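# Observations on chain architecture
One-letter residues, chain by chain:
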Amino acid sequence: MTQILPSLAEISAPYDALFCDLWGCLHNGVTPFPAAVAALQGFRARGGKVVLLTNAPRPARFVIATLDRLGVPRDAWDLVVSSGDAAQDAMLAGAVGRKVWHLGPAKDDGFFTEIPPEWQGQADVERVPFDEAEGIVCTGPFDEMTEVPEDYRARFLLAKTRGLPMLCANPDIVVDMGETRIYCAGALAALYEEMGGTAMYFGKPHPPIYDLARRKLSAIGGVDDSRILAIGDGINTDVSGAAGEGIDVLFVSGGLAADQFGPDVENPDPELLAAWLAARQRDPLFTIGTLR
């Protein structure tokens, strides 16, 4: 049964690295959480490495720019690894063809314009209108603040009929932007699959993002999986992904599922928590109300 913790420091000693989620754990898309920042700073102060492992559909440099804008201090982390990084590698390798239709907001343009050095000079991927596409790259709705997956049903029916594969750059279904819950690329990909289309995923809980995180972590000092702790609020992404990789996980119950465990977000009700986890057949080693 999961152990409910008062703080990260309570159990951090056996771990040399963290794979920490962003939305719902370190910030809410609008402001950082001071206690979470302090917890990561404390982990690093004793020599640990912090990898911010996010399903953001943009390459890491754009995620870092967002963290800077939000006011997350750089001494709270060592590396940022995004679903956008792993998915971009797949796109540039031709996973959904060389002519792709981009389904997503303009803020994700860097997925196509910022090409990693290792891919420079190789076969280009061209963004084209839907009618000319060989595949779809989905980074989210065009307007994430107002649109829902059903808005795309007609277009997806045509895409499925044409046999277009979809590369999903963010497997998350929803995130909370401040007080507003918005749909992510994962919700669109789920609808496309439900309609009979084919979707490919590269972020949490799927292996490519973990493989990439390990490679980047090894460049600054390798860590055995037994010495890594994953932290996240997504039961189907963070918790399931860590379980699939054989990595211990700290579930942040006060994130996406905060309303499921009683009125005190900082202290989840043990019985409600146990029943909720059992219904989802998940048993994270640790649980904390909010990262602190």
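That block above? That's the structure.
Presented here is an overview of the structure given in this document. (Residues numbered from 1 in each chain as written. Predicted model: local features only at pLDDT ≥ 70, side-chain atom pairs only at ≥ 80, totals over all residues. Heavy atoms only, no water.)

## Details of the sheet that holds strand β4 (residues 79-82)
Quick reminder of the rule: Between any two strands, pairing holds if DSSP finds at least two bridges. Think of it this way: any DSSP run of H or I at least four residues long counts as a helix, any run of E at least two long counts as a strand, and we number them from the N terminus. Angles run from 0 to 180 degrees between N-to-C directions of axes, and those axes are lines fitted to C-alpha atoms, restricted for helices to the stretch in contact. The criterion used for residue contact is that any of the two residues' heavy atoms lie within 4.5 Å.
Reading across the sheet, the seven strands line up as β1-β14-β13-β12-β2-β3-β4 and stay open at both edges, with parallel pairing between neighbours. Since the sheet does not close on itself, it has two edges, and those belong to β1 (3-5) and β4, each with one partner. Strand-to-strand, the axes of this sheet are offset by a mean angle of 25°, without reference to chain direction. When strand β2 (residues 17-20) meets strand β3 (residues 49-54), the two strands line up parallel, connected through four bridges. Within the sheet, the bridge partner assigned to Cys20 lies in β3 and is Leu52. On top of the sheet, helix α7 (residues 207-218) reaches β2, β3, β4 and β12 (228-232); it is set at about 160° to β4, its chief contact. Contacts between helix α9 (residues 270-279) and the sheet are confined to β1, β13 (248-252) and β14 (286-288), with β13 contributing the most and set at about 120° to the helix.

## Quick look at the pattern of salt bridges
We apply this condition: Here, a salt bridge means any Lys or Arg side-chain nitrogen found within 4 Å of an Asp or Glu carboxyl oxygen. Relative accessibility thresholds used throughout: buried, under 20% of the residue-type maximum; exposed, over 50%; partly exposed, between the two (1.4 Å probe, protein chains only).
Scanning the model with the defined rule gives 16 salt bridges in all. The residue Asp78 makes a salt bridge to Arg44 at a minimum N-O spacing of 2.9 Å. Note that Asp78 is positioned in the loop between α2 (60-70) and β4 and Arg44 in helix α1 (residues 34-45), a separation of 34 residues in sequence. For Asp78, a relative accessible area of 21% puts it in the partly exposed group. A residue is classified by how much of its surface remains accessible, and Arg44, at 26% relative accessible area, is partly exposed. Residues participating in the shared-partner salt-bridge network are Asp211, Arg214, Asp225 and Glu245.

## Thoughts on α1
Helical geometry: 3.6 residues make up each α-helical turn, so side chains three or four residues apart lie on a common side. Put simply, the rule reads: The span one expects for a helix is its residue count, reduced by one, times 1.5 Å.
End to end, α1 covers 16 Å across twelve residues, agreeing with the expected 16 Å (1.5 Å per residue, within 8%). Buried residues along α1 sit against β2 and β3.

## Description of the packing of aromatic side chains
The criterion, for reference: Between the rings of Phe, Tyr and Trp (Trp by its six-membered ring), a pair exists once the centres lie within 6.5 Å; its type follows the angle of the planes, with under 30 degrees stacked, over 60 edge-to-face, and the other angles tilted. When the NZ atom of lysine or the CZ atom of arginine is within 6 Å of a ring's centre and also within 35 degrees of its normal, the charge is said to sit over that ring.
Enumeration according to the criterion identifies nine aromatic pairs in this entry. Ring geometry for Phe261 and Trp276: centres 5.1 Å apart, planes at 85°, overall edge-to-face. Note that Phe261 is positioned in the loop between β13 and α9 and Trp276 in helix α9, a separation of 15 residues in sequence. Grouping aromatic residues by their ring pairs yields a cluster made of Trp101, Phe130, Phe142, Tyr152, Phe156 and Tyr192. Over the face of the ring belonging to Phe62 we find Arg61, whose NZ or CZ atom lies 4.7 Å from the ring centre. Above the face of the Phe130 ring, Arg162 is positioned so that its terminal group lies 5.1 Å from the ring centre.

## Describing unusual backbone geometry
The omega angle of the peptide bond from Lys204 to Pro205 is 15°, so this bond is cis rather than trans. One can find Pro205 in the loop between β11 (199-201) and α7. In this model, Gln281 sits at a positive phi of 55°, which is unusual for a non-glycine residue. Mapped onto the elements of the fold, Gln281 is located in the loop between α9 and β14.

## Looking at the nonpolar core
To keep it simple, the criterion reads: Only buried residues count toward a nonpolar core. Its members are Ala, Val, Leu, Ile, Met, Phe, Trp, Tyr and Cys residues joined through side-chain atoms within 4.5 Å.
Ranked by size, the top nonpolar core spans 40 residues in total, and within it Phe19, Met91, Phe111, Val137 and Leu167 carry the most contacts. Core analysis: the next-biggest nonpolar cluster, separate from the first, contains 32 residues, Cys20, Cys25, Val37 and Val80 among them.

## Some words on the packing of helix α5 (residues 153-162) against helix α6 (residues 185-194)
Basically, it comes down to this: Any angle that is under 35 degrees is reported as roughly parallel, and any over 145 degrees as roughly antiparallel; angles of 65 to 115 degrees are reported as roughly perpendicular and all others as oblique. What makes a crossing left-handed is the near helix being turned counterclockwise from the far one by less than a right angle; a clockwise turn instead makes it right-handed. Residues are sorted three ways: Asp, Glu, Lys and Arg are charged, Ala, Val, Leu, Ile, Met, Phe, Trp, Tyr, Cys and Pro are nonpolar, and all the rest, Gly among them, are polar.
α6 packs onto α5 with a crossing angle of 55° between their chain directions and a minimal axis gap of 10 Å. By the angle class used here, α5 and α6 are oblique. Relative to α6, α5 is oriented so that their crossing is right-handed. Facing Arg153, Phe156, Ala159 and Lys160 of α5, the residues of α6 in contact are Leu188, Leu191, Tyr192 and Glu194. Per-class residue counts for the contact of α5 with α6 are five nonpolar, no polar and three charged.

Such coordinate-based values are descriptive only and should not be taken to indicate function.
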